[in-house]
Amino acid sequence: MNAWNKYTARINHNCGGPGNVKDIDHWRNNLFAGTIIYLLPFCLIALVPGIYFCLITGQYILALVDILTVVSILMVAFMPGINLGVRKIIFFSFLTVLSCTLLIYLGLPGPGLLYLLAGCTFSLLIFPIKYTYWPAWVITCICIFFAAGIFLDLIPWPQRNLQSTPEWIAVSSNLIFLSFLLAALVPRLFNGLQETLDKENQLKEALRKQQGSLEQALHLVQQKNDELEQFAYVASHDLQEPLRMVTSFMGMLKNRYGDQLDEKAHTYINFAVDGGKRMQIMISDLLELSRIGRSDTLKELTSLDDIIKEVEQDLFKLIDETHASIIINTRLPQLSVYRGDMSRLIQNLLSNAIKFRKKEIDPVILLSCTEQKDMWLICVEDNGIGIEKDKFDKIFEIFGRLHSQNTYPGSGIGLAVCKKIVERHGGNIRVDSQEGNGSTFCFTIEK
Ligand code: ADP
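Residues numbered from 1 in each chain as written. Predicted model: local features only at pLDDT ≥ 70, side-chain atom pairs only at ≥ 80, totals over all residues. Heavy atoms only, no water.

1. Here we look at empty space enclosed by the protein
One pass over the full model with this rule turns up 1 cavity of 30 Å³ or more. In this model, the largest cavity occupies a volume close to 50 Å³. Listed by contribution, the elements that provide at least two residues to the lining of the largest cavity are helix H5 (112-126) and helix H7 (165-257). If one sorts the elements of the lining of the largest cavity by residue count, H7 sits on top with 3 residues. Classifying every residue of the lining of the largest cavity by side-chain character gives 8 nonpolar, 2 polar and 1 charged. (1 Å grid on protein atoms, 1.4 Å probe; cavity = no way out; pocket = protein on both sides within 12 Å on 5 of 7 lines; lining within 4 Å. Points joined across faces, edges and corners; volume = space filled by probe spheres on them. Helix = DSSP H or I, 4+ residues; strand = E, 2+ residues; numbered from the N terminus. Nonpolar A, V, L, I, M, F, W, Y, C, P; charged D, E, K, R; others polar.)

The structure is reproduced here in structure tokens:
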């Protein structure tokens, strides 16, 4: 700690007082400590030459009072074990004594009146509001005392500064007027500050309470979410078995007793088997959705290029049959991701881009990756059938489908899976599209 820091820490400790930042008295004490901190070095400007010239001009009493004032400020600043209120009173008293001495020895044109007003202003700032008018009354008493002193010729005015009582009253009444004016105005400032502080504290308290209940609610939502995910996982896992039984027994029924059944019964069995298969796909997709985030796998640094190549291999048959072309015209980065999840996400988006193609043209898919401040933005743009604007939200919901099974088969879970994966990577996913004019799915991934 350097010397200035030590100096300010000491004075803050002695004069700053204990305090609660929420209370205006804390700021008053702070101001007092600040006054003393700066007064000491600054008073050298006035007092050192003052003392020097007093000594060479033979004004020894004035020099003595100057020295005593500096000593008193040093005492206020550094002497341990003095109560803060007493420190303030010592400070105010010495300033007043100095002002009076200056008045007596230098007369009206000297700095005496100025120091009296400064003392009054400092007191207003550092003493509690209930003492607001005290300094003004002290000044009034001093002025009356001087008026009487001049009248009775008790004050040893220097010859060159002789003042008459009326002259003194004319000048000192201005000082009294200013002191009372300040006493009336300064507390308004402090009251305003106190009100602002109180309001701020109330707001902070309300905010703290709200934050508490918000955290509680969030915890509850998280808990319910976990329970729901657990339920979806167990339900979809356990539903698979009876469903498998239904479809396999339907198959056995058809094989064993097929020749004894009429055409209608065959149609019914086919419907039941079809429904069972569809339900099986839905259940396994649901299971996949609820599995996201449940495994203990860690994120790994993976090349997006590698992931896309893998997905292209998996979709080779579909790409070949539909003459789809996948164009990548940006440099693909390394991403820190859950590898399995990321390939599922890209696969879902690419397979949708091919599945929802226009019948009359070959699908062309444009894949791009852009670097943002903390994110990577990855977009998959197709020239397919597009999506109506008011359905943008619906398609990310579970089972949110826009077409019948006959036109475009599917379970309606693919995009819900994508959304969950993207959110697990700290990003978000959105779509931009016009019906009949292709769609662009964009998602962000935390870097
Ligand atoms: P699924 O593909 O099994 O229907 P998804 O959750 O993947 O389920 O998609 C939900 C719906 O969003 C789809 O049924 C389709 O209507 C719409 N959709 C998804 N991708 C596209 C796309 N690339 N072009 C047009 N529509 C799309």
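2. Some details on the packing of aromatic side chains
Throughout the structure, instances matching the rule amount to 15 aromatic pairs. Here Phe32 and Phe91 contribute two aromatic rings whose centre-to-centre distance is 5.8 Å and whose plane-to-plane angle is 70°, an arrangement assigned as edge-to-face. Placement of Phe32 in helix H2 (residues 24-57) and of Phe91 in helix H4 (residues 84-106) is noted, with a sequence separation of 59 residues between them. Take Phe91: its relative accessible area is 3%, and that puts it in the buried class. Taking the centre distance of 5.1 Å and the plane angle of 80° together, the rings of Trp137 and Phe180 count as edge-to-face. With a gap of 43 residues between them, Trp137 in helix H6 (residues 134-151) and Phe180 in helix H7 connect regions that are remote in the sequence. (Phe/Tyr/Trp six-rings, centres within 6.5 Å; stacked < 30°, edge-to-face > 60°. Buried < 20%, exposed > 50% of the residue type's maximum accessible area, 1.4 Å probe, protein only.)

3. A few points about the layout of surface pockets
The calculated volume of the largest pocket comes to roughly 870 Å³. Lining the largest pocket are 37 residues; nearest its centre among them are Asn352, Lys355, Phe356, Arg401 and Gly412. Those elements that place two or more of their residues in the lining of the largest pocket are helix H8 (263-291), helix H11 (339-355), helix H12 (414-424) and strand S7 (439-446). A per-element tally of the lining of the largest pocket places H11 first, with 7 residues. Residues that form the lining of the largest pocket fall into these classes: 14 nonpolar, 13 polar and 10 charged.

4. Looking at the state of the cysteines
Applying the stated rule across the entire model yields 1 disulfide. Across a sulfur-sulfur distance of 2.1 Å, Cys379 and Cys442 are joined as a disulfide pair. Its S-S torsion of approximately 115° makes the covalent link between Cys379 and Cys442 right-handed. Here the residue Cys379 occupies a position in strand S5 (residues 375-381), and Cys442 occupies one in strand S7, the gap between them amounting to 63 residues. (Disulfide = S-S within 2.5 Å.)

5. A word on the packing of H2 against H5
Two numbers describe how H2 lies on H5: the axes approach to 9 Å, and their chain directions differ by 155°. Taken together, the axes of H2 and H5 are roughly antiparallel relative to one another. Residue-level contacts link Arg28, Leu31, Phe32, Thr35 and Ala46 of H2 to Tyr115, Phe122, Leu125 and Ile126 of H5. When its residues are assigned to classes, the contact of H2 with H5 shows 7 nonpolar, 1 polar and 1 charged. (Axes fitted to C-alpha atoms, helices over the stretch in contact; angles between N-to-C directions. Parallel < 35°, antiparallel > 145°, perpendicular 65-115°, else oblique. Contact = heavy atoms within 4.5 Å.)

6. Points about the sheet that holds strand S6 (residues 429-433)
With mixed pairing, the 5 strands of this open sheet are ordered in space as S2-S4-S5-S7-S6. Only two strands of the sheet have a single neighbouring strand rather than two, namely strand S2 (325-328) and S6. Ignoring strand direction, the axes of neighbouring strands in this sheet form an average angle of 20°. Pairing geometry for S6 and S7, over 5 bridges, is antiparallel. Its bridge partner lying in S7, Val431 is registered against Phe441. H11 rests against S2, strand S4 (364-371), S5 and S7 of the sheet, and its axis sits at about 170° to S7. (Pairing = 2+ DSSP bridges.)

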